Structure formats: C-alpha cells, structure tokens
Amino acid sequence: VIHARIQGHPARAHLHQPFVEALGLPAEIMVHQSEPPNPWQGYRACLTDIPPCDHLLVIQDDAAPCKNFAPAVEAVARANPGTPVSLWLSAHPAGTAGRTRQAMLRNKRYVWFGYTKYVYLVALLWPRHLAVEFLAWADEHAKPTARADDGVVADWVKATKQHVLV
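The structure presented is a predicted model; accordingly, all values stated were derived computationally and were not measured.

Engineer: Describe the pattern of salt bridges, and please don't skip the residues or the numbers.
Structural biologist: Here the idea is simple: oppositely charged side chains can pair when their charged atoms come close. Scanning the entire structure with this criterion turns up three salt bridges. Notably, a salt bridge pairs Arg 5 with Glu 28, separated by 2.7 Å at the nearest N-O pair. Placement of Arg 5 in strand β1 (residues 2–8) and of Glu 28 in strand β2 (residues 27–31) is noted, with a sequence separation of 23 residues between them. Of the residues examined, Glu 28 reaches a relative accessible area of 29% and is grouped as partly exposed. Asp 61 is paired through a salt bridge with Arg 12; the nearest N and O atoms lie 2.7 Å apart.

Shown next as structure tokens:
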C-alpha cells in the first residue's frame, strides 16, 4: 500500500483537490507556512505520524503526475521495496544525469543518485521504515537552522551510506 503526502503551498490551494485526483493514490495535503519560508519543516511535517502503509510518496503540489501515475508508482515500489526512489531528475548533478543517460541507453530502469549535496525531493517514494528512520536521524542530527529539505536528506544519505535511486 502506498500513501501520498502532498507538500502543499497555500497559494496553490485551488489546485490541491485536482492534484489528489490525478495521483490516484490515498493522499493527504500537508500545508506548512513559516516566515521566512522553511522547506525542511514542511518536508518534516510530511514524514510525521505516517499512516499504515508500505511506502510513503512525498510529492510537491507543483509536480505533474503522468498518465497512469498510480500503477507506475506501484511498479516502482514493487521493484525497489527497501530503497527510496526519486521520481524526478534534472540535468544536475552532472554525475547522476550522466549515469542516467548511460542507463537509458542500456535499457536499465534505476540508477544510484550518488552522494551529493542534495537529493531531489519533487517526488520521493520512501519505504515506510526508512522514512521513519530518516526522521529520527534528522531530529538528532539536522542543524537547528536547517532550511533545505533536499540538503538534510542528502546529509542522511551520506551519513548512513543509504542508496537512493532515480
């Protein structure tokens, strides 16, 4: 079972219900506001008190789910039951993007993200137990001034030698 938590922004509230419908998964909208903005606290809220599920998808409300999104995410979860998988990739970091291009040429589906300064969190599929472990780690190790959610996840990946796929 996959449960989705949507990182909602108050300015896009009118898009939230259509977004939930487009996901096709059980979902909650988590809206966090702070001044100054603090993405880490919003991401942290998405990982707090996770409902019963096998995987948690944390996805930003400005992502664009593809057609047949839910079955595709279910297939990713089945193929990677114990590994977090980012469902979004940019051209950076260059090493990850290069490994991805090479993998696509070989028809390989998943690539190690690498140990970088950030991990893409536009849409990250977490095995539930790792989301819980990560939050416990972050509560103990994240800097009190942390604001970059992708940086906190990257710090955990490096500290625990966890592999994240894309």
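Engineer: Describe in detail the sheet that holds strand β5 (residues 123–127), supporting the description with residues and values.
Structural biologist: What holds strands together in a sheet is hydrogen bonding between their backbones, with the strands either parallel or antiparallel. What the five strands build is an open sheet, ordered β2-β1-β3-β5-β4; its pairing is mixed. Both edges of this open sheet fall to β2 and β4 (85–86), since each of them pairs with a single strand only. Bridge count between strand β3 (residues 55–60) and β5: five bridges; the pairing is antiparallel. Within β5, the position partnered with Leu 56 by the bridge is Trp 126.

Engineer: Tell me about the packing of aromatic side chains, and name the residues and values.
Structural biologist: Throughout the structure, instances matching the rule amount to seven aromatic pairs. Relative to Trp 156, the ring of Trp 126 lies with its centre 5.5 Å away and its plane at 45°, an arrangement referred to as tilted. Of this pair, Trp 126 sits in strand β5 while Trp 156 sits in helix α6 (residues 149–160), and the two are 30 residues apart along the sequence. The pair formed by Trp 126 and Trp 156 is uniform in burial state, with each residue classed as buried. Between Phe 134 and Trp 156 the ring centres are 5.3 Å apart and the planes differ by 70°, which places this aromatic pair in the edge-to-face class. Of this pair, Phe 134 sits in helix α5 (residues 128–141) while Trp 156 sits in helix α6, and the two are 22 residues apart along the sequence. Owing to a relative accessible area of 3%, Trp 156 belongs among the buried residues under this scheme. Among the aromatic residues, those joined into a cluster by ring pairs are Trp 40, Trp 126, Phe 134 and Trp 156.

Engineer: Describe unusual backbone geometry, listing the residues and the values that go with them.
Structural biologist: The linkage connecting Glu 35 with the following residue, Pro 36, adopts the cis geometry, with an omega of 0°. Along the chain, Pro 36 turns up in the loop between β2 and α2 (39–47). Look at Asp 49: it is not a glycine, yet its phi comes out positive at around 50°. Assignment of secondary structure puts Asp 49 in the loop between α2 and β3. Looking at Asp 49, the relative accessible area reads 68%, which means it is exposed. Its identity is not glycine, yet Asn 107 carries a phi of approximately 60°, on the positive side. Within the fold, Asn 107 resides in the loop between α4 (94–105) and β5. For Asn 107, a relative accessible area of 67% translates into the label exposed.

Definitions and limits used
Residues numbered from 1 in each chain as written. Predicted model: local features only at pLDDT ≥ 70, side-chain atom pairs only at ≥ 80, totals over all residues. Heavy atoms only, no water. Salt bridge = Lys/Arg side-chain N within 4 Å of Asp/Glu carboxyl O. Helix = DSSP H or I, 4+ residues; strand = E, 2+ residues; numbered from the N terminus. Buried < 20%, exposed > 50% of the residue type's maximum accessible area, 1.4 Å probe, protein only. Pairing = 2+ DSSP bridges. Phe/Tyr/Trp six-rings, centres within 6.5 Å; stacked < 30°, edge-to-face > 60°.

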